[in-house]
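# Notes for the structure review
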Amino acid sequence: MSNDKLNKTYFIATYGCQMNEEDSEKLSGMLKRFGYTRTEERDTADIIIFNTCCVRENAENKVFGNLGAIKKLKEKNPNLIIAICGCMMQQIGMADKVLKTFPFVDIIFGTHNAYKFPEYLTRVQTEGVQIKEILDKETEIVEGIPIDRESSVKAFVTIMYGCNNFCTYCIVPYVRGRERSRKSEDIINEIKDLVSKGYKEITILGQNVNSYGKGLEEDINFAKLLRKINEVEGLERLRFMTSHPKDLTEEVIYAIRDCDKICEQIHLPVQSGSDRLLKVMNRHYDRERYLYLIDLIKKEIPDVTITTDIIVGFPGETEEDFQDTLDLVDKVKYDSAFMFIYSRRNNTPADKMENQIPDDIKHERFNRLVDLVNKNIAISNKNYEGTVQEVLVEGVSKNDESKLSGRTRNGKLVNFEGSMDSIGKLVNVEINRAQPFSLVGKQID
Ligand code: 5AD
Ligand code: SF4
């Protein structure tokens, strides 16, 4: 490690999902190991990294906007290194498009070769070259990359990469490659290490965690992995995402019910309540199967919260299809929902469908859906008033520095009066008031 590197700083802008967050934590971990310091001040950083997302068009537009804005930084400081990586770069032709519009970018790489970032950086610094390297196929899983985690209380651990599902609207399988699972031993060792460093809560991640284990030599599946992780001593809470309804088994639901560390929360993206659209989306379940799973989850797991993803305005969506979505949403009564306006993605089957929905109809339906979801969340939150909840204290509240903030086991956000030395601990909080998206209370012990 040379001394001149020690004072150098880097700034990372991360777009998109938790997978990208975790990739950024790895980029940060590698840079720290090389002696760089992280900064939140983009305009004075020595290295600026954009870790991009392409799941919807607005995520891409944000990156283009920000790249335009940093052009002047590079003009002022020619030593500034600008790197772009992540899903957006993995799309065919995108890296060239970016280089044509923003020729001052130094390094471009994709989702399969992020572990090579230190090598690219060294080459740019020593040889003064511009690097563009996108691998079109996934590589073997690379273990042991240092991770610089955002929180010291809760951590994300990826258990599998990629997706094989090819939902017709989605670009992820094209930019993240096929499903590959990590060996359970590597996952357990990482979690044990985190617990020994004081982490209390782990969220295990994958595009479709329910198909974990396929292709591994060991005798394992997702339910068995959950039970194994539950045995890690010192771990307090275990969460997971994302579950695909077509692969969620009863065995997994029973594992959640039986294991004391698995939190009572399940994210189960439905995407649409219309059987006709679910078929065209290539989802491989219908509303009956989905609602069966919801009933079983609610029956087996007391106090469970259910969250989801929903797309509005998929090609060909009629008012009747949309009513089916509203009807399903009202039956399930989600505790939170990520709602998206359908966004056309290059080279996906849905992009080629002729019956695209006009923007004004998409927006009008979106607003109706948001109203219904929010109404149900408010009703659900009201039920917590007067109860005592176990909260893992994550830190000081974002909106009010005199308060603490954390989540209940089932994922409800709680802002509360409490003692500052509780950060990182599990405490009991009496809930006095429900707000639209959070609960307010007071620590009792
Ligand atoms: N348009 C809108 N939303 C999308 N999603 C994925 N692809 C698209 C798209 N083309 C949503 C899905 C998925 C979530 C991560 O993003 O709801 O579950
Ligand atoms: Fe995309 Fe479907 Fe895979 Fe989820 S399961 S990442 S929505 S293709």
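Everything quoted here is computed from the prediction, not taken from an experiment. (Residues numbered from 1 in each chain as written. Chains lettered and ligands numbered in written order. Predicted model: local features only at pLDDT ≥ 70, side-chain atom pairs only at ≥ 80, totals over all residues. Heavy atoms only, no water.)

## With respect to the pattern of salt bridges
Cut-off, in case you're wondering: Salt bridge, as used here: a side-chain nitrogen of Lys or Arg that lies within 4 Å of a carboxyl oxygen of Asp or Glu. We count a stretch as a helix when DSSP gives it H or I for four or more residues in a row; a strand needs E for two or more, and each element gets its number in order from the N terminus. Three exposure classes are used, based on accessible area relative to the maximum for each residue type with a 1.4 Å probe and protein chains only: buried under 20%, partly exposed in between, and exposed over 50%.
According to the stated counting rule, one finds 40 salt bridges in the structure shown. Notably, a salt bridge pairs Arg-409 with Glu-264, separated by 2.9 Å at the nearest N-O pair. One end of the pair, Arg-409, is in the loop between strand E16 (404–408) and strand E17 (413–417); the other, Glu-264, is in the loop between helix H9 (250–258) and strand E12 (265–267), and 145 residues separate them in sequence. Like Glu-264, Arg-409 is buried. The shortest N-O distance in the salt bridge between Arg-365 and Glu-319 comes to 3.8 Å. Of this pair, Arg-365 sits in helix H13 (residues 359–382) while Glu-319 is found in helix H12 (residues 319–332), placing the two residues 46 residues apart along the sequence. Each of Arg-227, Arg-257, Asp-258, Lys-299 and Glu-300 takes part in a single network of salt bridges with overlapping partners.

## A short note on the nonpolar core
Formally: Side-chain atoms within 4.5 Å are what join buried Ala, Val, Leu, Ile, Met, Phe, Trp, Tyr and Cys residues into a set we call a nonpolar core. In this description, contact between two residues means that some pair of their heavy atoms is separated by no more than 4.5 Å.
Membership of the largest hydrophobic core comes to 61 residues, with the highest contact counts inside it found for Ile-191, Ile-204 and Phe-222. Not counting chain neighbours up to four residues away, the residues in contact with Ile-204 comprise Val-157, Ile-159, Ile-191, Val-209, Phe-222, Leu-225, Leu-226, Ile-229, Leu-238, Arg-239, Phe-240 and Met-241. In terms of nonpolar packing, the next biggest core, distinct from the first, is built from 30 residues, Tyr-15, Ala-45, Ile-48 and Ile-171 among them.

## Section: the UniProt feature "binding site: [4Fe-4S] cluster 1" (unreviewed entry) in the protein
Under the convention used in this document: UniProt positions are given in the numbering used here, feature names are shortened, and annotations may be inferred rather than shown by experiment.
Taking the numbering used here, the UniProt-annotated feature "binding site: [4Fe-4S] cluster 1" (unreviewed entry) corresponds to Cys-17, Cys-53 and Cys-87. Look at the named residues: they lie 71 residues apart in sequence, but the longest C-alpha span between them is just 10.5 Å, so in the fold they bunch up. Cys-53 has contacts with Tyr-15, Gly-16, Asn-20, Ala-59, Glu-60, Cys-87 and Met-88, leaving out every residue within four places of it along the chain.

## A closer look at the UniProt feature "binding site: [4Fe-4S] cluster 2" (unreviewed entry) in the protein
UniProt's entry tags Cys-163, Cys-167 and Cys-170 with the feature "binding site: [4Fe-4S] cluster 2" (unreviewed entry), counted in the numbering of this structure. Counting through the fold element by element, Cys-163 comes out in the loop between strand E8 (160–161) and helix H6 (172–176). Here Cys-163 falls in the buried class, since its relative accessible area comes to 9%. If we skip the residues at most four places from it in the chain, Cys-163 touches Val-172, Pro-173, Gly-177, Arg-178, Glu-179 and Gln-207.

## Concerning the sheet that holds strand E10 (residues 201–205)
Rules: Two strands are counted as paired when DSSP detects at least two bridges linking them. Between N-to-C directions, angles span 0 to 180 degrees; the directions come from axes that are lines fitted to C-alpha atoms, helices contributing only their stretch in contact.
Spatially, three strands are ordered E7-E10-E11 in an open sheet, and the strand pairing comes out parallel. The sheet terminates laterally at strand E7 (154–158) and strand E11 (237–241), the two strands that pair on one side only. Taken over all neighbouring pairs, the strand axes of this sheet differ in orientation by 25° on average, direction set aside. In the packing of helix H7 (residues 184–196) onto the sheet, the strands contacted are E7 and E10, and the crossing angle to E7 comes to about 170°.

## Brief notes about helix H8 (residues 222–230)
Applied cut-off: By definition, the arc is the one covered by directions from the helix axis to the C-beta atoms. Polar contacts here mean pairs of N or O atoms no more than 3.5 Å apart (in protein, one a potential hydrogen donor and the other a potential acceptor; neighbouring residues in sequence count only if both atoms are side-chain atoms).
Every buried residue belonging to H8 is among Phe-222, Ala-223, Leu-225, Leu-226, Ile-229 and Asn-230, and all of these are buried. Along the long axis of H8, the arc covered by the buried residues comes to 160°, so they all point the same way. Looking at the buried side of H8, the elements it contacts are H7, E10, E11 and H9. Two or three places before Ala-223, at the opening of H8, Asn-221 has a side-chain oxygen 3.2 Å from that residue's backbone nitrogen.

## Details of the site of ligand 2
Spelled out, the test is: Neighbouring residues are identified by heavy atoms, a residue being near a molecule or strand if any of them is within 4 Å of it. Each residue is assigned to one of three groups, with Ala, Val, Leu, Ile, Met, Phe, Trp, Tyr, Cys and Pro labelled nonpolar, Asp, Glu, Lys and Arg labelled charged, and all others, Gly among them, labelled polar.
Ligand 2 sits among Cys-163, Asn-165, Phe-166, Cys-167, Tyr-169, Cys-170, Val-172, Pro-173, Gln-207, His-244 and Arg-283. Across the shell around ligand 2, the residue classes break down as seven nonpolar, three polar and one charged.

## Quick word on the site of ligand 1
To be explicit about the condition: Every accessible area reported is derived by Shrake-Rupley at a probe size of 1.4 Å, with residue values counting cover from the shown protein chains alone.
All residues in the neighbourhood of ligand 1 are listed as Val-55, Arg-56, Tyr-169, Gln-271, Asp-309, Ile-311, Phe-340, Ile-341, Tyr-342, Ser-343 and Arg-345. Here an oxygen atom of ligand 1 sits 2.8 Å away from a polar atom, N or O, in the side chain of Arg-56. Between an oxygen atom of ligand 1 and a side-chain N or O atom of Asp-309, the distance comes to 2.6 Å. About the coverage of ligand 1: the protein hides 85% of its 400 Å² of free accessible area. Elements with a minimum of two residues in the shell around ligand 1: strand E13 (305–312) and strand E14 (336–341). In the shell around ligand 1, the residues fall into six nonpolar, two polar and three charged.

## Describing the domain arrangement of the protein
As a reminder of what qualifies: Domain boundaries shown here were taken from an automatic or database domain assignment. What gets called buried area is simply the loss in accessible area from a 1.4 Å probe that two parts show on being joined, summed for both.
Along its sequence, the protein is carved into domain 1 (3–133), domain 2 (154–382) and domain 3 (388–443). For domain 1 versus domain 2, the distance between C-alpha centres works out to 29 Å. Taken together, the contact pairs 16 residues of domain 1 with 21 residues of domain 2. Note on domain 1 versus domain 2: buried area summed over both sides is about 1,600 Å², and carbon and sulfur give 55% of it. A per-residue breakdown of the area domain 1 buries against domain 2 is headed by Gln-18, Met-19 and Arg-56, which together make up 37% of the total. If you look at where domain 1 meets domain 2, you find two salt bridges. Two residues, Arg-176 and Asp-23, come together in a salt bridge whose shortest N-O distance is 3.0 Å.

## Some remarks on the packing of aromatic side chains
Inclusion rule: In this scheme Phe, Tyr and Trp rings, the latter by its six-membered ring, pair at centre separations within 6.5 Å, and the angle between planes marks the pair as stacked below 30 degrees, edge-to-face above 60, and tilted otherwise.
One pass over the full model with this rule turns up 10 aromatic pairs. Seen in terms of ring centroids, Phe-102 and Phe-104 are 6.1 Å apart; in terms of plane orientation they differ by 80°. Their pairing is edge-to-face. Note on accessibility: Phe-102 and Phe-104 belong to one class, buried. Between Phe-222 and Phe-240, the ring centres sit 5.2 Å apart and the planes meet at 70°, which makes this aromatic pair edge-to-face. Here Phe-222 is found in helix H8, whereas its partner Phe-240 is found in strand E11, with 18 residues between them in sequence. One exposure class covers both Phe-222 and Phe-240, and it is buried. Clustering of aromatic rings is evident, with ring pairs tying together Phe-64, Phe-102 and Phe-104.

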